[in-house]
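# Commentary on secondary and tertiary structure
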2 protein chains.
Amino acid sequence: MYSTIEPIARLSSQLARLPGIGSKTAQRLAYHLLDVPSAQATELADAITKARELVHDCPICGGYTDESLCAICADTARDASSLCVVQDARDIAAMEKSREFNGKYHVLHGYISPMDGIGPEDIRIEELMERLKQGNILEVILATNPDVEGEATAIYISRLLKSLPVKVTRLAHGIPIGGNLEYTDEITLARALAGRREI
Amino acid sequence: MYSTIEPIARLSSQLARLPGIGSKTAQRLAYHLLDVPSAQATELADAITKARELVHDCPICGGYTDESLCAICADTARDASSLCVVQDARDIAAMEKSREFNGKYHVLHGYISPMDGIGPEDIRIEELMERLKQGNILEVILATNPDVEGEATAIYISRLLKSLPVKVTRLAHGIPIGGNLEYTDEITLARALAGRREI
């Protein structure tokens, strides 16, 4: 039998740990990394190391940053009275791409899921309450994912905020732009109907 | 506008240079590498670096190895009279998986392609001739890919070897096992018919 070459096997198995990369793709990528100029492979290895070294959570919002504060928290031109609550740091980039929101963010770093043993104390809800106590936030937009855990998390937070003088909103559900009625699932369609607007 | 975080953008763009990884997937992988335990990211970076440091071409066959000779060239139990010529080092692994070949290999590191300016002198044909001159090789199996460049390379080498007392063979073409007549292209089918065998 062909004895595999240890450094290649090791690289393949490390690549196969990435999401969406199967063992065949991992092997192809490993060979690719052996074929490219050495500098390119080094740049990738270095980019991984550097990203882990330099990127950390912003101490205010919990989003990614490589500075002491993230660019959004540090930006005094943004509306500090509006706070968008998201599950993951990567959701900030998605929201920012819409160019419709000019407030600040709060990253929960997860969702409430009793089935997985994740309670309210495991995500950054306490930090959210601390920020709200400081007083100048007028609206909290709950932008957790529209799945079971995201909905449950949104409902939990909205109840918690009822006693506070703050408006709590949720992102609208409906048919995505460019979508198709025929291929829209019935739950989304029901939500779209319930949320219909006069034009 | 949201200013991107440089180390994340850099990691994404490095990942996007990998084959089959688009910019969206690259970004997802970059975020994944920020989310996993630091050790896992380090292991991947280290595996890339180590693979490039330790893996080099076997001086005899041109295949990958992290020793002075590759395991196959160093294996005296293998049949040194049979030589399988492949385009790339990764093709050795594919051949070995079939468990049908017990000879030695020769990696060309490419194919002849006048269109791309790749001539016979750019691939390891001279090294092949050197190995054949040493005399104890009785059969050369041309296992280049069944595409235009692979065929041209096989034909070129077979002509070159005509003057030598060595049997030159080519891998059979035909319908792949588990394949389907209906979905087999006409060229493969024509080859399968031409190469039909009595049963």
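Below is a short write-up of the structure. (Residues numbered from 1 in each chain as written. Chains lettered and ligands numbered in written order. Predicted model: local features only at pLDDT ≥ 70, side-chain atom pairs only at ≥ 80, totals over all residues. Heavy atoms only, no water.)

### Some details on the relation of the copies chain B and chain A
For clarity, the threshold we go by: Here the copies are matched by least squares. The fit uses the C-alpha atoms of residues with pLDDT of at least 70 in both. We call two residues contacting when some pair of their heavy atoms lies within 4.5 Å.
Superposing chain B onto chain A requires a rotation of 179 degrees together with a translation of 0.0 Å along the rotation axis, leaving an RMSD of 0.1 Å. Those values place the two copies in the arrangement expected of a two-fold rotation axis. In terms of C-alpha distance to the rotation axis, chain B has Ala-45 of chain B as its closest residue, with the C-alpha 2.1 Å off the axis. Comparing interface residues between copies, 100% of those in chain B also lie at the interface in chain A; the contact surface is shared.

### Some thoughts on unusual backbone geometry
All names here are of chain A. This is how the line gets drawn: By the criteria applied, helices consist of DSSP H or I runs no shorter than four residues and strands consist of E runs no shorter than two, each listed in order from the N terminus. Only protein chains enter the accessibility calculation, which uses a 1.4 Å probe; a residue is then buried when its area is under 20% of its type maximum, exposed when over 50%, and partly exposed in between.
For Arg-99, which is not glycine, the phi dihedral falls at a positive 55 degrees. Summarising the element assignment, Arg-99 is placed in the loop between helix H5 (89-97) and strand E4 (104-107). Its relative accessible area of 64% is what places Arg-99 among the exposed residues. A positive phi angle is found at His-109, which is not glycine, with a value near 60 degrees. A relative accessible area of 32% means that His-109 is categorised as partly exposed.

### Quick notes on the sheet that holds strand E5 (residues 139-142) of chain B
All names here are of chain B. Test applied: Strands qualify as paired when DSSP identifies two bridges or more between them. Lines fitted to the C-alpha atoms define the axes, with helices restricted to the stretch that makes contact. Angles between their N-to-C directions range from 0 to 180 degrees.
Spatially, E4-E3-E5-E6 is the arrangement adopted by the four strands of the open sheet, whose pairing is parallel. Of all strands in the sheet, those bounded by a partner on one side alone are strand E4 (104-107) and strand E6 (167-170). Taken pair by pair, the neighbouring strands of this sheet meet at an average axis angle of 25 degrees, ignoring direction. Here strand E3 (residues 82-86) runs beside E5; their pairing, made up of four bridges, is parallel. Among the inter-strand pairings, Ser-82 is bridged to a residue of E5, identified as Glu-139. In this fold helix H6 (residues 125-133) packs onto E3, E4 and E5, with an angle of close to 150 degrees to the strand it touches most, E4.

### Quick look at the interface of chain B and chain A
Operational definition: Here's the idea: put two parts together, see how much 1.4 Å probe accessible area each one loses, and the total over both is what we call buried area. In what follows, salt bridge is the name for a side-chain nitrogen of Lys or Arg lying within 4 Å of a carboxyl oxygen of Asp or Glu. In the analysis that follows, any N or O atom pair within 3.5 Å is treated as a polar contact, provided that within protein one partner can donate a hydrogen and the other can accept it, and provided that, for residues neighboring in sequence, both atoms belong to side chains. Following the grouping adopted for this structure description, the nonpolar residues are Ala, Val, Leu, Ile, Met, Phe, Trp, Tyr, Cys and Pro, the charged ones are Asp, Glu, Lys and Arg, and the polar ones are all others, Gly among them.
Taken together, the contact between chain B and chain A spans 51 residues of the former and 51 residues of the latter. A buried area of about 5,100 Å², summed over both sides, lies between chain B and chain A, and 65% of it is on carbon and sulfur atoms. Taken together, chain B and chain A are joined by six salt bridges. In this structure, the connection of chain B to chain A is made through 18 residue pairs in polar contact (both at pLDDT 80 or more). Where the side of chain B that touches chain A is concerned, the elements lending two or more residues are helix H1 (6-15), helix H2 (23-35), helix H3 (38-54), strand E2 (64-65), helix H4 (71-74) and helix H5 (90-97) of chain B. In terms of residue count, the dominant contributor to the side of chain B that touches chain A is H3 of chain B (14 residues). When its residues are assigned to classes, the side of chain B that touches chain A shows 29 nonpolar, eight polar and 14 charged.

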